[in-house]
Amino acid sequence: MKPFDYYTVTSVAQAVSLLSKHRHKAAVLAGGSDLLAMMKDRLEGPKLKLPAALIDIKGIKELSYIKEQKNGVRIGAGTVLADIASSELIAKRYPLLHQAAGQLGVPQIRNVGTLGGNLCQRPRCWYFRGKSFANCFRKGGGTCYAPGGENRYHAVFGGSNCYIVHPSDLAPALIALDARVEIASPKGSRMVPLEKFYVGPDKNILGETILGPQELLAAVEIPAPAAASRGAYLKLKERQAFDFAIVSVAVNLSVAGGSVGQARIAFGGLAPVPLRAVKAEAGLKGKALKDAIAAACKAAAEGAEPLSQNGYKVDAARGVLEEALLSLA
Amino acid sequence: MSNEFRVVGKRYPKMDAWERVSGQAVYVSDIYLPGMLYGKILRSPHPHARVAGIDTEQAKALPGVKAVLTPKDITDFNWTKCPGRGHHDMPILADIARYAGEDIAVAAAVDEERVQEALDLIKVEYQPLPFVIDPEEALKPAAPKVHPAGNLVGGKPVVLNRGSVEKGFQEADLVYEARYSTPLLQHATAEPRVCVARWERGRLTIWDSLQHTFGTQAGLAYVFKIPMSKVRVVCDYMGGGFGDKIQMERYSVLASILALKTGRPVRIEFDREENFLAAHHRYPAVCYLKYGARKDGTLTAIQAKVVANAGAYCHLDGAMGVLETMKGVYRCPNLKGEGYTVYTNTPEGGAMRCVGHPQGQFAQEVHMDIMAHKLGIDPVAFRMKNFARLEDGDQDKKIPFSSNAMEECIRKGAEASGWAQKWQKPGTSPGPVKKGLGMAIHSCRHGAMALPSAGMVKVNSDGTVNVLIGTADVGGNQKSTMAMIAAEELGVPLDVISVTTADTDVTLDTGSTAGSKQTITAGNAIKLAAADAKNQIFAIAAGELKTAKENLELVGGQIRPKGSDKGIALTAVLRKAPATITGRGTGSLLKGAITHCFAAHFAEVEVDTLSGKVRVLNIYAAHDLGKVINLSGAENQTDGGVIQGIGFGMTENQLFDLDTGICVNPNLVDYKLVTIKDIPEIHIQFIEPLDPGGPYGARGLSEPPYSVPAPAIANAVYNAIGVGMTDLPITIRSILESRNRGAKA
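Just so it is clear, the model here is predicted, and its values are computed rather than measured.

J.: How should the packing of aromatic side chains be read in this particular structure?
T.: In this description, an aromatic ring pair is defined by two values, namely the gap between the centres and the angle between the planes. All names here are of chain B. Overall, the coordinates contain 17 aromatic pairs over all chains when judged by the stated rule. Residues phenylalanine 5 and tyrosine 696 carry aromatic rings whose centres are separated by 5.2 Å and whose planes lie at 80° to one another, so their mutual orientation is edge-to-face. Of the two residues, phenylalanine 5 is situated in the segment before α1 (17-22) and tyrosine 696 in the loop between β30 (681-687) and α18 (704-707); the sequence distance between them amounts to 691 residues. The pair phenylalanine 5 / tyrosine 696 is uniform in exposure class, with both members buried. Relative to tyrosine 706, the ring of phenylalanine 648 lies with its centre 5.5 Å away and its plane at 20°, an arrangement referred to as stacked.

Structure representation (structure tokens):
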């Protein structure tokens, strides 16, 4: 590993102050399961540099909590994933988030990884992660290797110039729950819908979020569940632990009087950002769930642009959505 | 039968399990010597490139760097025909890189960071050359040449001929042809390649995590032009071999050269990525099969064309390894085989848990299942009709098997799986989540690289015993196996026995610990060595007891005439010995027969046709391994093989980007080993015919459990969805694409 400066902080104010001083040269260290692995692999590119400074936020107590509030639940970004997975409050109020957290990584990862780290992790694309593929767009280079290469796990939606998929399990779950994130900066904090937190390669080729260099993800707020709501998170993966989703789907529905009221559906593993399935949602609303499943699944896959090896992901997306909806029907 | 044995056939924990799990076992990767330097190899980033220039000045100037070597610095050393290695087409350091990851230069420095920095400072001017990754592409006339003589290893295919396949196809009611492929697979040993080399007064000691210490001793003596007595190779504990460590490799030579040049001990340890990029692996194979069978299920012809990807260097004859399964698992009077082992610009393909057989047996067993379906015959009955019988053995040379319980493996496996009640015709399972039951068989030759083996048993004056054996304990419980054989033969308790393995100064050569043969060859050597020691002890006791030595037995530490309860203590006899009692024995495979082990696996799966997910619910594994020596060890070995075999079938696949020739997944995140959550219930049955060639009737078990789960699972999936699985691994993608293909068909 290349040498770096190491700072420990105990407050969000200290963290963002150091971030605004070091800006792009600094990286935030929480669990480190992604960041340290990238540093050990000496992953660099024309515009991807190894951090010269690490700001360790594990000492910030005010970032680690799960608390119920008037309009829902608020989770600190420093909360470890195992705490989310084992939280009775989360299991009761947001079963789909409970399911997502429990399927993520392995216990070792869940014990060190944090909510913020999970939402801000870098993509798993093997061209991005491969040292030898230095000319990758996402590292500041001039090409994407995926369309002409090994692309079985790449994006089938929203690729255009870069075909990463978003690897987070919690992001689609939280987007289906209509969560917002609090972003702290030296000037104060702002709230943003999680869905808007992510940006595709057309907006930002070097990063996956709107987070500025002096900003820190501080918390996630989930609104109270609607009446008669039900949810499911299904994750399709090649092996049952320590694997990222080929496709994951988070479904959050409210059903009243035999028909679907609200519906929010988000996919992981299909696109550079966690993908809302707006057409599928629209297809469900106001209908009896059982009768609407087929059409919703068909709608969810509309507009897919598969590459040479990943057409199956479109079928897989339809399949897991169907299973998720059947489980709620 | 097992009542005859006191120790053999019972359950004993691995004798060094405590050391291993408590962290007390010293593996090679735990060895740090005073003054030791860290060696590291500079690897080519290109799949094929000429090194036009190499500048090491800056690297050499870095403080703490003690040596930087390029090909021109090592020309003094013997290498071209180095013994202990299968083929001789690989340089120690390459001036033409033939795969991405190839060894170009090497440095040694005082710590790991410094040696990495030194490598970063070496300036290499590469002239990239055209490259080829796919072996079938590499066979085309216009393909870039990996070696000047062309890409087909040996210049011509290996050919097998028995009877006439033309005649066989004429006699057939069904002739079926298909293409099959298997991926590139890693051993993924817990301990990557590692050695520590030290010179003292002209004598080289190397601690090396290798399965063949004696081959390495001969190899290093050759490299440095010194007598074998001046080379000591030691491998006490090993963190997994699986064939990755089957022979001396160039890292061992490089560490030894660096140690010689710097006058300090040198360690070279691969990181995980290096083990993916620059160690050998299970080579991918493509099989084109055309088989003929009569209506009653009798096979009339087996025709196979195999293309094996050798990678950049030829470790072994890969295509022949695959063809062996077509040659001998089934009886068939007409056989034609054609094997192409092909150079490509990928890392070297080589030995891994049953060379070639898993690739070939996957193809053959899927082929057999589809034929059974087309013939309207139950897959179990189809195998029963055709498996090679005891007398079949080597069907070309007309040599029988030493023993053979395949029939019982198939029958008992089928019973355990509930075949008669559960099995339905392929594609008939209703609903979106389909159930499937499938089977596969395998028979596997023991004794790849078999050499006569020698062992020693030393009986100390206090009655305790040292077993000295050249076998490496590669994780297959070899230490316990040898101890149990010695205990059984001597008549002493197991806990008085210590075992020293794989040290060229102390033990005797037993060949490479490979080919599932050490239980037979080294086991026979230890059994005879123990018998020899006992004979010497009884000769002394016979004088004391005034009886014939043949009339004596050793029971509970007492030597006494058989049937008598009056004797003398073993220790009292040992005190009268003129010198320490040392028994010697040599062992080999049985002559006049070929020794195989046999297996039938049955897999039960559930295929979710909406999402493409396959769940393996149960594996029923029936193995004929002759007499079981250690029941716990044999069960562990079977569990481990099945688990690794499920990875072969369902998740593992090392991939190369065809545009750049670079591996995209050289790590354990993207190269997917199965996890505990993917492992089904494994139901094991052992069938134990007493083999005439092994100690107490034993044979071996290391490799076979790996070879059968993948085709059994493939056939279970075929059974569930009605589409044959022709390519491994069977992933979500393969299920969904097959489903769509099946829907169109």
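J.: I tried to follow the nonpolar core on my own but got confused; where do I start?
T.: The nonpolar side chains of a soluble globular protein tend to be buried with one another. Residue and element names in this part refer to chain B. Tyr180, Leu299, Met326, Ile441, Ile713 and Val717 are the most contacted members of the largest nonpolar core, which totals 95 residues. In terms of residues, this core owes the most to one element, helix α19 (residues 709-721), which gives 9 residues. Other than its neighbours up to four places away in sequence, valine 717 contacts Val605, Val607, Val614, Gly722, Met725, Ile730 and Ile735.

J.: Any chance you could explain the pattern of salt bridges here in plain terms?
T.: Close approach of charged atoms lets side chains of opposite charge pair. Evaluation of the coordinates by the stated rule reveals 65 salt bridges over all chains. The partner of A:Arg122 in a salt bridge is A:Glu208, and the shortest N-O contact between them spans 2.8 Å. One end of the pair, A:Arg122, is in the loop between α7 (115-120) and α8 (126-129); the other, A:Glu208, is in the loop between α10 (194-197) and β8 (216-223), with 86 residues separating them in the sequence. Note that B:Arg699 and B:Asp624 form a salt bridge whose closest N and O atoms lie 2.9 Å from each other. Of this pair, B:Arg699 sits in the loop between β30 and α18 while B:Asp624 sits in strand β27 (residues 614-624), and the two are 75 residues apart along the sequence.

J.: Got a minute to help me understand the interface of chain A and chain B in this structure?
T.: By a widely used convention, the size of an interface equals the accessible area lost when the partners come together. The interface of chain A with chain B comprises 31 residues on the first partner and 33 residues on the second. Summed over both partners, the interface of chain A with chain B buries about 2,900 Å², with 55% contributed by carbon and sulfur atoms. Contact with chain B buries area across many residues of chain A, yet A:Trp126, A:Glu238 and A:Arg239 alone supply 22% of it, more than any other trio. For the pair chain A and chain B, the interface holds 4 salt bridges. The partner of B:Glu273 in a salt bridge is A:Lys131, and the shortest N-O contact between them spans 3.4 Å. For the pair chain A and chain B, the number of links is 11 residue pairs in polar contact (both at pLDDT 80 or more). Elements with a contribution of two residues or more to the side of chain A that touches chain B: α8 and α13 (312-328) of chain A.

J.: Please explain the sheet that holds strand β19 (residues 453-459) of chain B as it appears in this structure.
T.: Two orientations exist for strands paired in a sheet by backbone hydrogen bonds: parallel and antiparallel. All names here are of chain B. Pairing is mixed in the open sheet, where 4 strands are placed in the order β21-β20-β19-β25. Across the chains shown, the open sheet's two edge strands, defined by having one partner strand only, are β21 (497-501) and β25 (581-587). In this sheet, adjacent strand axes meet at a mean angle of 20° when their direction is disregarded. Where strand β20 (residues 465-469) meets β21, 5 bridges bridge the pair, whose relative direction is parallel. Considered in β21, the bridge of leucine 468 is made with threonine 500. Against the sheet, helix α14 (residues 478-490) contacts β19, β20 and β21, and its axis sits at roughly 135° relative to β21.

J.: How should I be thinking about the sheet that holds strand β1 (residues 5-8) of chain A in this particular structure?
T.: Residue and element names in this part refer to chain A. Pairing in this open sheet of 3 strands is parallel, and the strands run β1-β3-β2 from one edge to the other. On the outer flanks of this sheet lie β1 and β2 (26-29), each paired with one strand and no other. On average, each strand axis in the sheet is tilted by 25° relative to the strand beside it, whichever way the strands run. Two elements, β1 and strand β3 (residues 53-56), share 4 bridges in a ladder whose sense is parallel. Within β3, the position partnered with aspartate 5 by the bridge is alanine 53. Here helix α1 (residues 12-22) sits on the sheet in contact with β1, β2 and β3, set at roughly 170° to β3.

J.: Quick question: what am I supposed to make of the packing of helix α10 (residues 357-375) of chain B against α19(B) here?
T.: For any two helices packed against each other, one specifies the inter-axial angle together with the distance between the axes. Residues and elements named next belong to chain B. The N-to-C vectors of α10 and α19 enclose an angle of 30°; their axes lie 9 Å apart at closest approach. Considered as vectors, α10 and α19 are oriented roughly parallel to each other. Crossing of α10 against α19: the hand is right-handed. Judged by residue contacts, Gln361, Phe362, Glu365, Val366, Asp369, Ile370 and His373 of α10 engage Pro711, Ala714, Asn715 and Tyr718 from α19. When grouped by side-chain class, the residues that make up the contact of α10 with α19 number 6 nonpolar, 3 polar and 2 charged.

The rules behind the values
Residues numbered from 1 in each chain as written. Chains lettered and ligands numbered in written order. Predicted model: local features only at pLDDT ≥ 70, side-chain atom pairs only at ≥ 80, totals over all residues. Heavy atoms only, no water. Phe/Tyr/Trp six-rings, centres within 6.5 Å; stacked < 30°, edge-to-face > 60°. Helix = DSSP H or I, 4+ residues; strand = E, 2+ residues; numbered from the N terminus. Buried < 20%, exposed > 50% of the residue type's maximum accessible area, 1.4 Å probe, protein only. Core = buried A, V, L, I, M, F, W, Y, C linked by side-chain atoms within 4.5 Å. Contact = heavy atoms within 4.5 Å. Salt bridge = Lys/Arg side-chain N within 4 Å of Asp/Glu carboxyl O. Buried area = accessible area lost by both parts, 1.4 Å probe. Polar contact = N/O pair within 3.5 Å; in protein donor to acceptor, adjacent residues only side chain to side chain. Pairing = 2+ DSSP bridges. Axes fitted to C-alpha atoms, helices over the stretch in contact; angles between N-to-C directions. Parallel < 35°, antiparallel > 145°, perpendicular 65-115°, else oblique. Left-handed = near helix turned anticlockwise from the far one by under 90°. Nonpolar A, V, L, I, M, F, W, Y, C, P; charged D, E, K, R; others polar.

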